[in-house]
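Commentary on secondary and tertiary structure
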Amino acid sequence: MAKTAPEGLITALDIGSSKVSALIAQKGDGGELVVLGTGQRESRGVQRGYIADMHATEVAVREAVEQAERIAGTNIENVWVSFSAGGMESNILRLEVDLGGHRVDQSDVDDLLRAGRDAINPGGRMVLHAQPTRYTLDGLAGVKQPKGLHAERLGVDIHVVSTEGAPVRNLDLCVRSAHLEVKSIIAAPVATGLACLSEEERELGVALVEIGAGVTNVSVYKDGVLTGLSSIACGSADITDDIASAFGTRRGQAERMKCFYGSANMTPRDNHEMIDVAPLAAQEENAEGTRITRAQLIAVIRQRLDRLMVDIAKELTKLNFEDPVGRQIVLTGGGAELKGIADYAQQALGRSVRVGRPRGLSALPEAHAGPAFATLAGLATFAAADPVDLRTLEPAGQLVVRANPKAMFQRMIAAFRANY
């Protein structure tokens, strides 16, 4: 029988277009995260990251969490949830105040952060994150702890991630309908970056491309923070659909073909390796399957990948991920499990590419240690760090700012002064 959750327990919940997965972890004595239990169920109510069927998603959430609870031997009450739908925006808000040369004390930092909170203007969108990332002293950037230092001017960079409110509210309602309290809703690229990228990579500059089932999220990191992100309404499930359509088979069979025989690269031997394809109406009498070469399967996969890589390259250009040439791209998400995709993407994008897998968690089951579960692991890492969020300076709840002419004018002045 499951027991009451002990102190320091963290439950992560990743609700994607193909699967709903849960992870229960606990902080060890040394601060490390130890995985106690995991659960997974097929996602039937999510399309392109958006909740399309509340009941089906609620059932999947409940079953995934219950499976993790049984393995962990404990009951949980609250979860950290990922949000991966399109429409997210990432911005850096910069503010600076005069100190007159005295030492920075906590009240100076608090006043600066309150000013930053008041300057945030998402224009009616919902703020998922409003986190101070680093401070500046007299123009010197990269100061992590300004308290106790002398300065004429104190500044701060605030990382703001916002999105449309309705999809987030639907996600929140769905999880609460499964009798779970939502601790916080985290932008998936933020969580995934924590799981897959080293601190040095984030400092030097790196692009993270998460190929999910229905959505591909492209995010760029520089100077240690997420500087921009965008979404492409295409993912690994589109490759599966292309295979099913091209060879007249069911999605389940197409997915198995992709996983067992699929690849992003082709060799001469693929022209001779044959694959049996079950027909779409296999339950009917006299239904006969067909046989195709592995080369034919890979050709279909490559057609979709070619289009996806063109879209990724366009988004990277929009996000100013151009120079220097040496900057790396990290692929993750379920689509990154396709054989040979790193080599293929390296040729297509002209960059060094590696596959990102979750790191930093002890006792993570091998089945959940692949790139498809990077967001799940990142949620646990984010929750354990529990970073400062300016929304905690407001009454509890998500910060939503509606258009108000006077407030907008004041914020415009503040933003202009802050060179935002």
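Above this text is the structure in question.
Everything numeric in this text was worked out from a predicted model, so none of it was measured.

Strand E19 (residues 328-332) sits mainly inside the fold: five of its five residues count as buried. The parallel pair E19 and strand E20 (residues 353-355), bridged by helix H9 (residues 341-349), forms a crossover whose chirality is right-handed.

Two elements in contact, helix H1 (residues 54-72) and helix H3 (residues 165-177), have axes whose closest approach is 8 Å; the angle formed by their N-to-C orientations is 55 degrees. Here H1 lies oblique to H3, going by the angle between them. For the pair H1 and H3, the crossing hand works out as right-handed. Residues Met54, Thr57, Glu58 and Arg62 of H1 pack against Asn170, Leu173, Cys174 and Ser177 of H3. Across the contact of H1 with H3, the residue classes tally to three nonpolar, three polar and two charged.

With respect to topology, five strands assemble into an open sheet ordered E16-E15-E14-E19-E20, the strand pairing being mixed. In the strand order of this sheet, the two ends are held by strand E16 (225-232) and E20, each with one partner. If you compare each strand with its neighbour and ignore which way they point, the axes differ by 20 degrees on average. In this structure, strand E14 (residues 206-211) lies alongside E19, joined through five bridges in parallel fashion. Within E19, the position partnered with Ala207 by the bridge is Ile329. Packing of helix H4 (residues 188-196) onto the sheet brings it into contact with E14, strand E15 (216-222), E16, E19 and E20, and relative to E14 it is tilted by some 115 degrees.

Within the open sheet, the six strands sit side by side as E13-E8-E2-E3-E4-E21. Their pairing is mixed. Of all strands in the sheet, those bounded by a partner on one side alone are strand E13 (181-187) and strand E21 (361-362). With two bridges joining them, strand E2 (residues 9-15) and strand E8 (residues 78-83) adopt parallel strand pairing. Within E8, the residue paired with Leu13 across the bridge is Val81. The sheet contacts of H1 involve E2, strand E3 (19-27) and strand E4 (33-42), and relative to E4 the element is tilted by about 145 degrees.

Our next topic: empty space enclosed by the protein. A full pass over the atoms with the stated rule returns one cavity of 30 Å³ or more. Taken as a whole, the largest cavity spans an internal volume of roughly 60 Å³. Lining the largest cavity are Ile15, Val46, Gly49, Tyr50, Ile51, Ser82, Phe83, Ser84, Pro167 and Leu171. Of all the elements in the fold, those that place two or more residues in the lining of the largest cavity are strand E6 (50-51), E8 and H3. In the lining of the largest cavity, the residues fall into seven nonpolar, three polar and no charged.

With that settled, the discussion passes to the layout of surface pockets. In this structure, the largest pocket spans a volume of roughly 1,400 Å³. What lines the largest pocket is a set of 49 residues, among which Ser17, Ser18, Ala213, Ser236 and Ala237 lie closest to the centre. Counting only elements with at least two residues in the lining of the largest pocket, the list comes to E4, strand E5 (46-47), E14, helix H6 (236-247), helix H7 (251-261) and helix H8 (294-318). Take the lining of the largest pocket: its biggest share by element is six residues, from H6. Residues belonging to the lining of the largest pocket are distributed by class as follows: 15 nonpolar, 19 polar and 15 charged. Around the second largest pocket sit 26 residues that line it, and Gln131, Pro132, Thr133, Gly224 and Pro387 are the ones nearest its centre. Looking at the lining of the second largest pocket residue by residue, the classes come out as 13 nonpolar, eight polar and five charged.

Let's shift gears to the pairing of E15. Within E15, six of the seven residues are buried, which leaves the element mostly enclosed by the surrounding structure. Relative to E15, E14 runs antiparallel, the two sharing six bridges. Within E15, the position partnered with Glu210 by the bridge is Asn217. In textbook terms, the turn of a hairpin is the stretch between consecutive antiparallel strands, and for E14 and E15 this stretch comprises four residues. The sheet contact formed by E15 and E16 spans seven bridges and is antiparallel.

Definitions and cut-offs
- Counting from 1, residues in each chain are numbered in the order their sequence is written.
- With the structure being a predicted model, the display of local features is reserved for residues of pLDDT at least 70 and the display and counting of side-chain atom pairs for 80 or more, all residues being used for whole-chain, interface and lining totals.
- Based on all heavy atoms of the structure, the side-chain values leave hydrogens and waters out of the count.
- Any residue under 20% of the maximum accessible area for its type is buried, any over 50% is exposed, and the rest in between are partly exposed; the area is computed with a 1.4 Å probe on protein chains only.
- Secondary structure is summarised from DSSP: a helix means a run of H or I of at least four residues, a strand means a run of E of at least two, and numbering begins at the N terminus for each.
- Seen with its strands pointing away from the viewer, a crossover is right-handed when the path leading from the first strand over the helix to the second is clockwise.
- Helix axes are fitted to C-alpha atoms over the stretch in contact, other axes to C-alpha atoms as well, and angles between N-to-C directions run from 0 to 180 degrees.
- Roughly parallel means an angle under 35 degrees; roughly antiparallel, over 145; roughly perpendicular, 65 to 115; everything else is oblique.
- Crossing handedness is read from the near helix: turned anticlockwise from the far helix by less than a right angle, it gives a left-handed crossing, and turned clockwise, a right-handed one.
- Contact between two residues is taken to exist if any of their heavy atoms lie within 4.5 Å; hydrogens are not considered.
- In this count, Pro and Cys sit with the nonpolar residues alongside Ala, Val, Leu, Ile, Met, Phe, Trp and Tyr, while Asp, Glu, Lys and Arg are called charged and the others, Gly among them, polar.
- Being paired, for any two strands, means DSSP has found at least two bridges between them.
- Here a cavity denotes a set of grid points, spaced 1 Å apart and computed over the protein atoms alone, in which a 1.4 Å probe fits but from which it cannot get out, and a pocket denotes an open set meeting protein on both sides within 12 Å along at least five of seven lines; residues with an atom within 4 Å of a point are reported as lining.
- Grid points are joined across faces, edges and corners, and a volume is the space filled by probe spheres set on the points.

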